[in-house]
Amino acid sequence: MSEFDAALPSPYSENWREAYKKQDGDSPRLASYQAPGGEAIPFIQKSFRFTGGQSKDTAEYPFGGLWSNEYLNEKPQSLTVDGFLRGPSYIAERNKLIEALRVPTDDDHPGYIDLPFWGRFPVVVGDNYEVSENTDEQGQCAVSIPFTRAGVSISERMDALPPTAARAGVSISERTGALPPTAAQFENAAENLQAAAIDDFETGLKEKDNLTFASATGQIKKSLLNVLGRIQGAKTALSAMTGEVLGVINLVNDIILAPREFAQALFNAAASIAGGILQIKNSIALYGRERGGSSGSATSKPSLPMPDNERNALILFLSASDYAVPVETATVSQANTKKAMENLYRTTAFFASAQIIANMDSITYKNASGYWRLLKKLEESINRENPAVYAALRDVRAALSRKLSGQKLSREMSRNISIPVPLLYLANYLGCDEDKLRELNRIADSFVIEGRVIYV
């Protein structure tokens, strides 16, 4: 997370006359508002109100104990500017200012309010700005605009996780004061991403090349089948996942006229793969077969290594940042179709990867850091010009970050075991549950364990 300073900006001058006019004979400085990526719109400042404060926890005590105050945090700084637009062309300037205020602002993309006596603030437009006109004051309009000073965005805080927060031993709820999100909140963010991506895909393919579309569909099906080929599990679970993937290509005759159905089917296939991996992991029958009975039994056989389906699928999904459909394009519609199909697959891969990582209940700090870097790279490869897609990607990443921070990876420790020892002895020696050791280290043999062991 970048350094954030809530101190006031540098004024033009600490002498009010010089701040108002740079030199005698110069025109007075005007206030202005600049939207993200736009030009500064000047106006005449009438008044300015700056508000701040401190959050405190005040406790009252009975029997004459009076009270105590404990500092919690600095309150957000609020800025309210009142002013005028005047002159023969004030109507054009008024409309330009309103359009500038309509541009979405947040901590990642703030606007800027420039004031002669205060300097330049990064701001987020507040609720209920007002533009008023009086018929007996023609040639001008009054403006009143509330702002909140830009702070540190949730996404920027999440960028530091899991590495920063985990290394510091601090959860996201402790860093931001926010409650940990529930599984339902993460699912809502994932559903919003799916809806935004499907809408964006349908809009972008109003003019498409049908042959390129059909060819790219076959290539995407091969990519999904390649992921399925790396997953081991019960036949029923694999059949369900395969059915969803094959359903994508079975729609080819219909989707030529309905790209939306194709995009929906693709997301359904990705969700089926992520859900199938979770189903296999949680299958009691699968665990019992692979472990070869109760590991606590004196007669238990050395267990077979459990398939690392999560890692195998993630490697392929997270590598989609470089995904390209091997289709030649010679026209604008062919190039547009190819680009839209590639972008849709990358978005679907991001969706599936986030779902898989969110369901990993035993993940090492090293793996979490690696997956996180690859997930960010995949996100950056997705076209985020659509504001809805951009916001949905950010929300999914933020929710996933909070879920990872809830696992408290900072508690993770490691020790090098130079002499082979039994699993039960090692679990007792390290004070870590036997099943947890298996999950964190992919232990295949309960009798001879050596080398670097991760435990909590």
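Just so it is clear, the structure is predicted and the values come from calculations on it, not from any experiment.

How each quantity is defined
Residues numbered from 1 in each chain as written. Predicted model: local features only at pLDDT ≥ 70, side-chain atom pairs only at ≥ 80, totals over all residues. Heavy atoms only, no water. Phe/Tyr/Trp six-rings, centres within 6.5 Å; stacked < 30°, edge-to-face > 60°. Helix = DSSP H or I, 4+ residues; strand = E, 2+ residues; numbered from the N terminus. Buried < 20%, exposed > 50% of the residue type's maximum accessible area, 1.4 Å probe, protein only. Lys NZ or Arg CZ within 6 Å of the ring centre and 35° of its normal. Axes fitted to C-alpha atoms, helices over the stretch in contact; angles between N-to-C directions. Parallel < 35°, antiparallel > 145°, perpendicular 65-115°, else oblique. Contact = heavy atoms within 4.5 Å. Nonpolar A, V, L, I, M, F, W, Y, C, P; charged D, E, K, R; others polar. Salt bridge = Lys/Arg side-chain N within 4 Å of Asp/Glu carboxyl O. Pairing = 2+ DSSP bridges. pLDDT = per-residue confidence, 0-100. Expected span 1.5 Å × (residues − 1). Polar contact = N/O pair within 3.5 Å; in protein donor to acceptor, adjacent residues only side chain to side chain.

With that out of the way, let us pick up the packing of aromatic side chains. The tally for this structure, following the rule as stated, stands at 11 aromatic pairs. Pairing Tyr20 with Phe117 gives two aromatic rings, centres 6.2 Å apart and planes at 45°, and the pair type is tilted. Remark: Phe117 occurs in the loop between strand E6 (111-115) and strand E7 (119-125) and Tyr20 occurs in helix H1 (residues 16-20); sequence separation between them is 97 residues. When its relative accessible area of 43% is taken as the criterion, Phe117 is described as partly exposed. Ring-pair connections join several aromatic residues into one group, and the members of that group are Phe48, Phe50, Trp118 and Phe121. Directly above the ring of Tyr112 sits Arg120, whose terminal nitrogen or CZ lies 4.0 Å from the centroid.

We now examine the packing of helix H7 (residues 210-228) against helix H12 (residues 309-318). Contact geometry of H7 with H12 gives a least axis separation of 9 Å together with a crossing angle of 155°. If you check the angle between H7 and H12, you find them roughly antiparallel. Here Leu224, Asn226 and Val227 of H7 lie close against H12, whose contacting residues are Ala313, Leu316 and Phe317. The residue inventory of the contact of H7 with H12, partitioned by class, reads five nonpolar, one polar and no charged.

What the rule picks out here adds up to 11 salt bridges. A salt bridge links Arg94 to Glu133; its shortest N-O distance comes to 2.8 Å. In this pair, Arg94 sits in helix H2 (residues 90-102) while Glu133 sits in the loop between strand E8 (130-132) and strand E9 (140-149), placing the two residues 39 residues apart along the sequence. The exposure class of Arg94 is buried, given its relative accessible area of 17%. Judged by relative accessible area, which is 41%, Glu133 ranks as partly exposed. A cluster of three or more residues bridged by salt bridges with shared partners is formed by Glu39, Glu93 and Lys96.

Our next topic: the side chain of Thr212. One can find Thr212 in helix H7. The residues contacting Thr212, other than those within four sequence positions of it, are Val327, Gln334, Thr337 and Lys338.

Before going further, it helps to spend a moment on the pairing of strand E3 (residues 54-60). When E3 meets strand E4 (residues 67-74), the two strands line up antiparallel, connected through seven bridges. For Glu60, the partnering residue across the bridge sits in E4 and is Trp67. Hairpin connection from E3 to E4: six residues lie between these consecutive antiparallel strands, with Phe63 at a positive phi of about 60°.

Take the confidence of the model for the protein next. On average, residues of the protein carry a pLDDT of 78, and 73% of them reach 70 or more. Taken together, the stretch residues 161-181 has pLDDT below 50 and engages in 39 contacts with residues farther than four places along the chain or on a different chain.

When the terminal C-alpha atoms of helix H13 (residues 332-358) are compared, their 39 Å separation across 27 residues agrees well with the 39 Å that a helix rising 1.5 Å per residue should span. In terms of residue burial, H13 counts as a mostly covered element, since 22 of its 27 residues are buried.

With seven of 10 residues buried, E9 lies mostly within the body of the structure. In this structure, strand E5 (residues 78-86) lies alongside E9, joined through nine bridges in antiparallel fashion. Its bridge partner being in E9, Leu79 is matched across the sheet by Phe147. Inspection of the sheet shows E7 paired to E9 by three bridges, in the antiparallel sense. Across the sheet, the residue bridging to Val124 is Thr148, located in E9.

Moving on: the environment of Thr80. Tracing the chain through its elements places Thr80 in strand E5. Given a relative accessible area of 17%, Thr80 falls into the buried group. Residues Thr80 and Ser47, spaced 33 residues apart in sequence, show a C-alpha to C-alpha distance of 8.3 Å. Once you skip the residues sitting within four places of it in the chain, Thr80 turns out to touch Ser47, Phe48, Arg49, Ser144, Ile145 and Pro146.

Moving on to the environment of Glu202. With respect to the helices and strands, Glu202 occurs in helix H6 (residues 183-204). Taking the C-alpha atoms as reference, Glu202 lies 5.5 Å from Arg260; in sequence the two are 58 residues apart. Here the side chain of Glu202 touches Arg260 through a polar contact of 2.8 Å, side chain to side chain.

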